[in-house]
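Secondary and tertiary structure notes
Okay, here's what each chain looks like letter by letter:
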Amino acid sequence: MSIETFTSPPALAPILARAAVMRGSSATELPQTRLVLVGYEVDRADLREYQRLTGFPVEDRLPHTYPHLLGFGLQAHLMARPSFPFALVGLVHVENVITAYRPLTADEKLDITVSADNLRDHPKGRQVDLLTQVHVQGELVWEGRSTYLSRGRSNPDADRGSQPPAIPTGYPAAKWRLEGDLGRRYAAVSGDINPIHLYGITARAMGFPSAIAHGMWTYARTLAALGPWVNGATTSHVWFKKPVLLPASVDLVVDKSGDQVVAGLRNSRKPATEHLVLTVGRD
């Protein structure tokens, strides 16, 4: 497998703009390439903005989900290439698993590696994993697996993969009102300017009735509500379900009775509409 090295994060805006005009890929296999961002130094101002927007404590310790944001530019750079078997535009982020092996702090220099893995059939099309690893001085300290679905020809006999637990029931632990500009605010922090998150008119052009919240914001906000302990050595697993149409009111529901904490987001007015379910436990 070849390695391409970066000394600064790829800019997302030109990647997404290029992907928007690309035709579907003719590739049938995954690119055998690792993209590596070496010696990345966390921008504390960017970190504070992320922490404030997602509800994590404002401190030097990195939120559990923050390294995903740092690696997402590399993910997009890889998925936007002609050698990638799917068009970036239209891919659906359906699942994510993150393991932090120890707490990370803003004064550490990070080496971030991204590669593609496990191309497979799914009942609704095909899936692929984007793997992100973070090393500090050669030590693996964090890794994440992002699963994306490319909708296509039905494969009813294909393995559906891991299935989420039932969303917790009962009275919500919190209710949040999400404003219509949330997608634009998170885009300013994350660089993810996918049109489905920005304005109603751009979301409707992509088939949505209104702008939708970023899945990674809902993931981060749910984890942040569970307390600072999630920023330690933990593993979380999230399954994204129905998108959050902005503006929205959502309920946070939590079950701490088992070996792992189970949390979910549901629509406040229509509780049967579930937005995500996640599990998290200490390693």
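Reading the values: rules and limits
- Residues numbered from 1 in each chain as written.
- Predicted model: local features only at pLDDT ≥ 70, side-chain atom pairs only at ≥ 80, totals over all residues.
- Heavy atoms only, no water.
- Helix = DSSP H or I, 4+ residues; strand = E, 2+ residues; numbered from the N terminus.
- Buried < 20%, exposed > 50% of the residue type's maximum accessible area, 1.4 Å probe, protein only.
- Phe/Tyr/Trp six-rings, centres within 6.5 Å; stacked < 30°, edge-to-face > 60°.
- Lys NZ or Arg CZ within 6 Å of the ring centre and 35° of its normal.
- Patch = residues over 30% accessible without salt bridge, like charges linked within 9 Å, V, L, I, M, F, W, Y side chains within 5 Å.
- Areas by Shrake-Rupley, 256 points an atom, 1.4 Å probe, with all protein chains shown as cover.
- Salt bridge = Lys/Arg side-chain N within 4 Å of Asp/Glu carboxyl O.
- Lys, Arg positive; Asp, Glu negative; His and termini not counted.
- Charge placed at Lys NZ, Arg CZ, Asp CG, Glu CD.
- Core = buried A, V, L, I, M, F, W, Y, C linked by side-chain atoms within 4.5 Å.
- Contact = heavy atoms within 4.5 Å.
- Expected span 1.5 Å × (residues − 1).
- Bend = angle between axes of the 7 residues up to and from the residue.

1. Considerations on unusual backbone geometry
Residues L246 and P247 are joined by a peptide bond in cis, for which omega reads -5°. Relative to the assigned elements, P247 resides in the loop between β8 (234-240) and β9 (248-255). Positive phi is not limited to glycine here, since N118 has a value of about 60°. Structurally, N118 is set in strand β4 (residues 109-122). Take N118: its relative accessible area is 38%, and that puts it in the partly exposed class.

2. Some details on the packing of aromatic side chains
To describe a pair of aromatic rings, one takes the distance between the centres and the angle between the planes. With the rule as written, the count across this model stands at four aromatic pairs. Ring geometry for Y219 versus F240: centroids 6.3 Å apart, planes at 80°, classification edge-to-face. In this pair, Y219 is assigned in helix α6 (residues 215-225) and F240 in strand β8, connecting sequence segments 21 residues apart. Grouping residues by exposure puts Y219 and F240 together as buried. Ring-pair connections join several aromatic residues into one group, and the members of that group are Y50, Y66 and Y186. Between the NZ or CZ atom of R221 and the centre of the ring of W176, over which it lies, the distance is 4.2 Å.

3. Regarding a positive patch on the surface
A cluster of basic residues, K124, R151, R160 and K242, forms a positive patch at the surface. With respect to the secondary-structure elements, K242 resides in the loop between β8 and β9. On the basis of relative accessible area, K242 is assigned to the exposed category, the value being 54%.

4. Examining the nonpolar core
In this structure, V42, F84, L88, L110, L130 and L278 are the most contacted members of the largest nonpolar core, which totals 69 residues. Of all the elements, helix α3 (residues 66-79) adds the most residues to this core, at eight residues. Apart from the residues within four sequence positions on either side, V42 is in contact with L47, L62, Y66, L70, A106 and L110.

5. Observations regarding α3
Between its first and last C-alpha, α3 extends 20 Å over 14 residues, near the 20 Å set by a 1.5 Å rise per residue. Taking the largest bend as the criterion, α3 deviates by roughly 40°, centred on F72.

6. Description of α6
Within α6, nine of the eleven residues are buried, which leaves the element mostly enclosed by the surrounding structure. Within α6 the residues assigned to the buried category are M216, W217, T218, Y219, A220, R221, T222, L223 and A224.

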